[in-house]
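In case you want the letters, here they are:
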Amino acid sequence: MEGIMFDVQTSPSGILLMTVLVRRGQIRKGDRVICNPERDALVRDILSVDGKPIQVGLPGMPVVINGLQSFAGSGSIGNYIYSVKSARTREQRGELQKKINAIKNRLKGLETEEVFSEALPYGVKKVSFIVCADTTATLETIEQMLNISTNEVSVAIHRKSVKTLKEEDIRAAEGIDAPIILFNVPDLKFPTTATVLKHNIIYDLATDISNVINEKLPVNYVKKVVGKGKVAEIHGDKKRKIIGVNGITGTMDVAQEYLVKRGKFPVWQGRIASLKFKREDILVTSPGTTECGMGFAKKSIGDVKVGDVVECVKTVVKPRKL
């Protein structure tokens, strides 16, 4: 998470309460917070601005966090504040410490004009790049390519340079998870964990930039019919119903949602309790299977009748493109 601290108060019970505007990422209880180059602390609670406990702080939200007593007397209003997920294993703790150190180095190099930059509207994802090109003209071309702002994503150049990047630029990229663009320049002089996009053909660079931005876009979830059949028979009582389905095409899966339709109109939607083939419980129908039984527990399936169409509906992720 990256945010801006805009209020620090002490409650009557002596608890330090820091109000932060979340700019990018998320902050949760248990995260490690860094707001100056010397200290980090554990987030014990997250509150909304009206004092109600919340689970997560999202971009554009002002949140109140406590548990940061070690920050008392340090930091200033308008300063950047960062958080990273806490570690559980020894390996994760090593990676966590690297991230914390990178962020502290980033804070040491903060420029004044960066501190008061405008926060993005809620729901807009910020994608930052650090750019190094061979000439000023090329750098200007890349800046134009990155001049992208929609209601879902805002692209920004965090730092830029001609011919070479300083170590502090590279550490800044690691601290804010910003890809480094190298165009027609030598490799970096310092090792880095940041993503490096190295090119000398502008069209190839444009493709890589699009891929990075597309990965940040919210995904679309779409419903896809993966199996279909007809209700051939209905058995059971008010507590439990079994329907026999035949003429199956595609696959029936007990883990997916089901829709029962009469003509074009749905008469029932939900999940089934069991899936059977020749009285044996199964999870998924095998290829070529044309009939099966479906069990519905607890509630009646209502007005389902013989001849209705049963559809197995799977929710799939559809990648987004800018």
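Each remark here, short or long, concerns the structure printed above.
Residues numbered from 1 in each chain as written. Predicted model: local features only at pLDDT ≥ 70, side-chain atom pairs only at ≥ 80, totals over all residues. Heavy atoms only, no water.

### Re the overall build of the chain
What the chain contains, in helices and strands, is five helices and 21 strands. In the chain, buried positions account for 39% of the 322 residues. For the chain, the proportion of contacts with a sequence separation of at least 24, taken over those separated by at least 6, is 64%. Accessible surface, the chain: about 18,400 Å² in total, of which carbon and sulfur atoms supply 51%. (Helix = DSSP H or I, 4+ residues; strand = E, 2+ residues; numbered from the N terminus. Buried < 20%, exposed > 50% of the residue type's maximum accessible area, 1.4 Å probe, protein only. Contact = heavy atoms within 4.5 Å. Areas by Shrake-Rupley, 256 points an atom, 1.4 Å probe, with all protein chains shown as cover.)

### As for the packing of aromatic side chains
Applying the stated criterion to the full structure yields one aromatic pair. Ring centres 5.0 Å apart and planes at 85 degrees place the aromatic pair tryptophan 268 and phenylalanine 296 in the edge-to-face group. A residue pair is termed long-range when its members are at least 10 positions apart, and tryptophan 268 in strand S17 (residues 265-271) and phenylalanine 296 in strand S20 (residues 291-297) qualify at 28 residues. Each of the two residues, tryptophan 268 as well as phenylalanine 296, counts as buried. (Phe/Tyr/Trp six-rings, centres within 6.5 Å; stacked < 30°, edge-to-face > 60°.)

### Here we look at the sheet that holds strand S12 (residues 180-183)
Reading across from one edge, S11-S10-S12-S13 is the order of the four strands in this open sheet, with parallel pairing throughout. In this open sheet, the two edge strands, each paired with only one partner strand, are strand S11 (153-162) and strand S13 (196-199). Taken pair by pair, the neighbouring strands of this sheet meet at an average axis angle of 20 degrees, ignoring direction. The pairing of strand S10 (residues 125-133) with S12 spans four bridges and is parallel. Bridging across to S12, isoleucine 130 finds its partner in isoleucine 180. Docked against the sheet, helix H3 (residues 136-145) engages S10, S11 and S12, running at close to 170 degrees with respect to S11. Of the strands in this sheet, S10, S11 and S12 are in contact with helix H4 (residues 167-176), which crosses S11 at around 165 degrees. (Pairing = 2+ DSSP bridges. Axes fitted to C-alpha atoms, helices over the stretch in contact; angles between N-to-C directions.)

### A closer look at the environment of leucine 217
Within the secondary structure, leucine 217 sits in the loop between helix H5 (202-216) and strand S14 (220-236). Taking relative accessible area as the criterion, leucine 217 reaches 5% and is therefore assigned buried. Along the backbone, leucine 217 and valine 124 are 93 residues apart, and their C-alpha atoms lie at a distance of 9.3 Å.

### Here we look at a nonpolar patch on the surface
A cluster of nonpolar side chains, namely Val219, Tyr221 and Val317, defines an oily patch on the protein surface of about 310 Å² accessible area. For valine 317, the position within the fold is in strand S21 (residues 309-318). (Patch = residues over 30% accessible without salt bridge, like charges linked within 9 Å, V, L, I, M, F, W, Y side chains within 5 Å. Salt bridge = Lys/Arg side-chain N within 4 Å of Asp/Glu carboxyl O.)

### Here we look at unusual backbone geometry
With a phi angle near 55 degrees, lysine 278 is a residue other than glycine that sits in the positive phi range. Structurally, lysine 278 is set in the loop between strand S18 (274-277) and strand S19 (280-281). Under the relative-accessibility criterion, lysine 278 is labelled exposed at 68%. At arginine 279, a residue that is not glycine, the phi angle is positive and equals roughly 70 degrees. Counting through the fold element by element, arginine 279 comes out in the loop between S18 and S19.

### Remarks on the pattern of salt bridges
What the rule picks out here adds up to 12 salt bridges. Two residues, aspartate 45 and lysine 29, come together in a salt bridge whose shortest N-O distance is 4.0 Å. Taken together, the residues span a long stretch of sequence, with aspartate 45 in strand S6 (residues 45-47) and lysine 29 in the loop between strand S3 (27-28) and strand S4 (32-36) at a distance of 16 residues. For aspartate 45, a relative accessible area of 33% translates into the label partly exposed. Using a relative accessible area of 58% as the deciding quantity, one classes lysine 29 as exposed.

### A look at H5
Given a rise of 1.5 Å per residue, 15 residues ought to cover 21 Å, and the 22 Å separating the end C-alpha atoms of H5 matches this to within 8%. Those residues of H5 that sit buried are Leu205, Ile209, Val212, Ile213 and Asn214. Of the surrounding elements, those touching the buried residues of H5 are S10, H3, S11, S12 and S13. (Expected span 1.5 Å × (residues − 1).)

### Details of the nonpolar core
Of all hydrophobic cores here, the largest spans 17 residues; its most connected members are Phe129, Ile142, Leu146 and Ile181. Among the elements of the structure, S10, H3, S11, S12 and H5 are those that each provide at least two residues to this core. Leave out the neighbours within four places in its chain, and isoleucine 181 touches Phe129, Ile130, Val131, Cys132, Ile142, Leu146, Leu197, Leu205 and Ile209. (Core = buried A, V, L, I, M, F, W, Y, C linked by side-chain atoms within 4.5 Å.)

### Re the packing of H3 against H5
Where H3 meets H5, the closest approach of the two axes is 11 Å, and the angle between their N-to-C directions is 35 degrees. By crossing handedness, the relation of H3 to H5 is classed as right-handed. Facing H3, whose interface residues are Thr141, Ile142 and Met145, H5 presents Ile202, Leu205, Ala206 and Ile209. Of the residues in the contact of H3 with H5, the class split is six nonpolar, one polar and no charged. (Left-handed = near helix turned anticlockwise from the far one by under 90°. Nonpolar A, V, L, I, M, F, W, Y, C, P; charged D, E, K, R; others polar.)

Nothing here speaks to function; it is all geometry.
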